[in-house]
Amino acid sequence: MRETSVLEEWLCIEGIECECTIGVTDRERSVKQKVVVTLRVAVDFDAVKRTDAIQDTVDYRAICRMVIAAGE
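Residues numbered from 1 in each chain as written. Predicted model: local features only at pLDDT ≥ 70, side-chain atom pairs only at ≥ 80, totals over all residues. Heavy atoms only, no water.

To continue, consider the overall build of the protein chain. Of the regular secondary structure elements, the protein chain holds three helices and two strands. Along the protein chain, helices and strands appear, N-terminal first, in the series β-α-β-α-α. On C-alpha atoms alone, the protein chain measures out to a radius of gyration of 17 Å, which is more than a quarter above the 11 Å that the 2.2 N^0.38 rule sets for 72 residues. Considering only C-alpha atoms, the protein chain reaches an extent of 55 × 35 × 15 Å along its principal axes. Taking all 72 residues of the protein chain together, 17% fall into the buried category. Residue pairs in contact within the protein chain that sit at least 24 positions apart in sequence constitute 55% of those at least 6 positions apart. Looking at the protein chain as shown, the accessible area adds up to about 6100 Å², and 52% of this sits on carbon and sulfur atoms. Placing the 10 positive and 14 negative side-chain charges of the protein chain at their respective mean positions leaves the two points 5 Å apart. (Helix = DSSP H or I, 4+ residues; strand = E, 2+ residues; numbered from the N terminus. Rg over C-alpha atoms; globule rule 2.2 N^0.38 Å. Buried < 20%, exposed > 50% of the residue type's maximum accessible area, 1.4 Å probe, protein only. Contact = heavy atoms within 4.5 Å. Areas by Shrake-Rupley, 256 points an atom, 1.4 Å probe, with all protein chains shown as cover. Lys, Arg positive; Asp, Glu negative; His and termini not counted. Charge placed at Lys NZ, Arg CZ, Asp CG, Glu CD.)

Below, the structure is given as structure tokens:
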């Protein structure tokens, strides 16, 4: 059993959509397909809890853009 002194908190983003080329055969890969991603990331929210400042929080839009760019 793992012991930790740091409270783990999770950021969950559901429903990130991207159009991907997936498949094995040429036919499968000829048409892009929609993929829907659910992301769960361990995040340290301590700074934003202390300051309540927007610059100390997680940029959800940037995370979504990175997921979409990787998928496409």
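Next comes the rest of the account.
For the rest of this paragraph, the subject is the confidence of the model for the protein chain. On average, residues of the protein chain score 88 in pLDDT, and 90% of them reach the 70 mark or higher. Strand β1 (residues 9-20) holds the highest mean pLDDT among the elements of the protein chain, 95, whereas helix α2 (residues 46-51) holds the lowest, 90. (pLDDT = per-residue confidence, 0-100.)

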